[in-house]
Amino acid sequence: MAISIRFFHSPTPQGSILPTSHLQTHLKPSTLFTNSHFFNARRAKTHFSALFSTNPSRPSFFHNPEMGSISSGYDLGSIKLRFCDVGRNWNRTRSSVSRAVVSDVGSEVKRGGEGEGQRGEYDVVVIGSGIGGLVAATQLAVKGARVLVLEKYVIPGGSSGFYERDGFTFDVGSSVMFGFGDKGNLNLITQALREVGCKMEVIPDPTTVHFHLPNNLTVRVHREYIDFVAELVSKFPYEKEGILKFYGECWKIFNALNSLELKSLEEPLYLFGQFFQKPLECLTLAYYLPQNAGDIARKYIKDPQLLSFIDAECFIVSTVRSLQTPMINAGLVFCDRHFGGINYPVGGVGGIAKCLAQGLVNWGSEIIYKANVTKIILENGKAIGVKLSDGREFYAKTIVSNATRWDTFGKLLKDEKLPKEEEDFQKLYAKAPSFLSMHLGVKADVLPPDSDCHHFVLEVTAWENLEESYGSIFLSIPTILDSSLAPEGHHILHIFTTSSMDDWQGLPRQEYEAKKELVADQIISRLEKKLFPGLKESIVFKEVGTPKTHRRYLARDDGTYGPIPRRKPKGLLGMPFNTTAIDRLYCVGDSCFPGQGVIAVAFSGVMCAHRVAADIGIEKKSVILDSALLRALGWLRTLA
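S.K.: Outline the packing of aromatic side chains, supporting the account with residue identities and numerical values.
M.R.: Tallying each qualifying case throughout the model produces 23 aromatic pairs. When the ring of Phe228 is compared with that of Tyr247, the centres are 5.3 Å apart and the planes differ by 90°; the resulting orientation is edge-to-face. Of the two residues, Phe228 is situated in helix H4 (residues 225–235) and Tyr247 in helix H5 (residues 240–259); the sequence distance between them amounts to 19 residues. Residue Phe228 is classed as buried on the basis of its relative accessible area of 0%. A relative accessible area of 1% means that Tyr247 is categorised as buried. Ring centres of Phe246 and Tyr247 lie 4.9 Å apart, and the angle between their planes is 75°; on these two criteria the pair is classed as edge-to-face. Taken as a pair, Phe246 and Tyr247 share a single burial class, namely buried. Within the aromatic cluster, the residues linked to one another by ring pairs are Tyr163, Phe168, Phe170 and Phe541.

S.K.: Could you give me a rundown of the environment of Leu475, with the residues and numbers involved?
M.R.: Structurally, Leu475 can be placed in strand E24 (residues 473–476). Distance in space between the C-alpha atoms of Leu475 and Leu527 is 9.2 Å, their sequence separation being 52 residues. When sequence neighbours within four positions are dropped, the list of residues in contact with Leu475 reads Cys453, His454, His455, Leu493, His494, Ile495, Leu531 and Phe532.

S.K.: I'd like a description of the nonpolar core, backed by residues and values.
M.R.: Ranked by size, the top nonpolar core spans 128 residues in total, and within it Val147, Phe246, Tyr247, Phe309 and Phe456 carry the most contacts. Here this core gets 11 residues from one element, more than from any other, and that element is helix H17 (residues 598–615). Once residues within four sequence positions are removed from consideration, Phe456 is found in contact with Val209, His210, Phe211, His212, Leu213, Ala312, Phe315, Ile316, Leu466, Ser472, Ile473 and Phe474. Leu440, Leu493, Tyr512 and Ile524 belong to the second-largest nonpolar core, a separate cluster that totals 24 residues.

S.K.: With reference to specific residues and values, describe the packing of helix H2 (residues 131–143) against H17.
M.R.: For the pair H2 and H17, the least separation of the axes is 7 Å and the interaxial angle reads 35°. Handedness of the H2/H17 crossing: right-handed. Contacts between H2 and H17 involve Ile131, Gly132, Val135, Ala136, Gln139, Leu140 and Lys143 from the former and Val601, Ala602, Gly605, Val606, Cys608, Ala609, Val612 and Ala613 from the latter.

Parameters at a glance
Residues numbered from 1 in each chain as written. Predicted model: local features only at pLDDT ≥ 70, side-chain atom pairs only at ≥ 80, totals over all residues. Heavy atoms only, no water. Phe/Tyr/Trp six-rings, centres within 6.5 Å; stacked < 30°, edge-to-face > 60°. Helix = DSSP H or I, 4+ residues; strand = E, 2+ residues; numbered from the N terminus. Buried < 20%, exposed > 50% of the residue type's maximum accessible area, 1.4 Å probe, protein only. Contact = heavy atoms within 4.5 Å. Core = buried A, V, L, I, M, F, W, Y, C linked by side-chain atoms within 4.5 Å. Axes fitted to C-alpha atoms, helices over the stretch in contact; angles between N-to-C directions. Left-handed = near helix turned anticlockwise from the far one by under 90°.

Written out as structure tokens, the structure is:
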């Protein structure tokens with residue numbers, strides 16, 4: 001059950017408490033009516049400072065001065081009623097409006113009052129609540145836009161979500177969190193949370209990943225850069241100069257990015273402003289834009305095994321080898337892990353999306369769960385709304401799709417001709433393979449006491465197996481950092497290995513389940529032999545997911561986690577940005593510049609929010625320069 005209530009101003013004395021039993025009778029006008037599960041009053045202006053105490057000492061209230069909001073702790077049955085003043089920055093686009101909203105993550109939540117589905121109700125509709133979509137939505141809400149996020153599942157986050165079983169809290173996707181530092185301009189997750197008045201407690205990870213590679217090569221990527229380089233040089237002493245030069249070039253990219261205010265590269269006023277303020281940094285990035293990590297590495301390094309190690313480093317970033325990994329992506333990730341460090345959020349990765357979703361609501365925007373978008377509605381070639389599987393329609397000035405580009409144009413716009421720009425994109429990029437994933441609950445004593453949190457395993461001597469299905473294994477043990485995620489005396493093992501949808505299509509149910517168990521048993525046996533003797537006997541919980549699982553729950557075509565180049569790319573030149581060939585339709589997430597990974601999709605969200613804000617009139621915009629820049633960027637992509 002979800003409740004949406006809108007208030008008229010009521011002459012309650014300053015600082016008094018409004019009992020829940022008087023909600024209907026005290027607020028004027030008091031015409032509330034029932035429509036299915038929703039109670040709505042007509043939209044109106046109000047100032048909650050006249051209704052509720054801002055005294056933070058009162059236990060039933062929380063006052064956040066950064067947000068300019070007051071939230072109550074009233075309970076309506078099992079539903080908590082929260083009040084927030086969203087007047088700050090709201091006057092950019094409309095009169096100051098305050099709302100009472102219900103937030104109940106995990107159930108169908110609907111907010112919005114009369115006029116639901118009518119045109120002009122929202123500035124932006126965002127399809128999907130992955131990190132990219134939520135960052136874009138919250139940034140726009142803070143700027144003053146009215147945003148509606150539509151999420152197919154029952155909780156936010158997409159592949160950065162969570163689920164709970166038998167006392168364990170599992171991260172759906174990666175537990176390696178970039179962008180969570182406390183300094184610089186590339187701590188994008190920290191900044192996104194701060195924008196909506198949230199701060200999460202984090203636990204520093206002393207080792208980004210521990211590599212276990214062919215020929216008994218083991219390398220720890222330490223948090224401190226000097227320690228990482230020292231370990232790598234100890235393995236390849238004759239390549240010391242090459243190691244320093246290659247990673248030194250990564251730092252050039254990172255430092256250039258970290259010096260800039262990150263906004264949309266499709267917005268000329270910002271772009272030219274940054275160029276005039278930081279010309280050397282902008283030229284540095286322009287120089288590396290068409291280059292790949294493997295080419296730079298080969299300028300300085302000759303040892304085949306060290307180059308293979310850099311392939312493994314890049315594979316974690318992009319699921320391809322270094323010759324296909326854009327140098328800008330490599331520089332961003334290879335340095336952020338040392339500059340800001342890898343930091344794990346207390347309570348699990350799913351808390352990030354929950355905080356962003358609540359922040360969105362606190363800023364007066366809305367999110368609906370169990371809202372399966374099946375169609376983007378066009379009118380005269382412009383995106384004007386979306387249609388859900390239950391027939392509901394929502395309209396907005398702009399539509400932002402956090403679905404993959406294959407899902408956006410192949411499913412949500414399946415009745416439309418594929419734009420040439422998307423044809424060109426699909427000629428350059430294929431869908432990255434999906435994963436077979438396992439979530440294990442194990443007895444704690446199976447792990448050595450000095451175990452690292454993250455491991456990458458590629459055994460024997462077969463470097464060529466790196467990109468093969470089930471060839472390499474990525475393992476996270478987040479309970480090493482946060483023991484609260486598991487029952488006492490237990491750990492979580494989260495295991496990923498690449499797997500193609502083709503391996504699982506067309507199998508009868510019984511064969512499908514048998515194959516899941518067989519492949520999972522083989523992966524567990526490899527980890528038992530390489531890292532944790534006795535692992536099989538220690539398992540108390542096991543959940544196995546295939547590409548079909550990822551497709552079902554994350555609504556990603558073939559369970560893909562983003563694009564990979566079909567051939568050696570020219571860096572990031574071919575990657576599309578947020579605008580699309582369809583007017584008022586934008587894309588955000590891992591099939592947009594700069595690509596895969598948490599920090600990359602957060603960057604995509606920031607860029608998308610800025611571009612959309614300019615287009616709906618809450619950021620500065622130059623129509624003439626816009627047109628010229630977008631044509632120039634389109635031309636650059638043809639060079640890829």
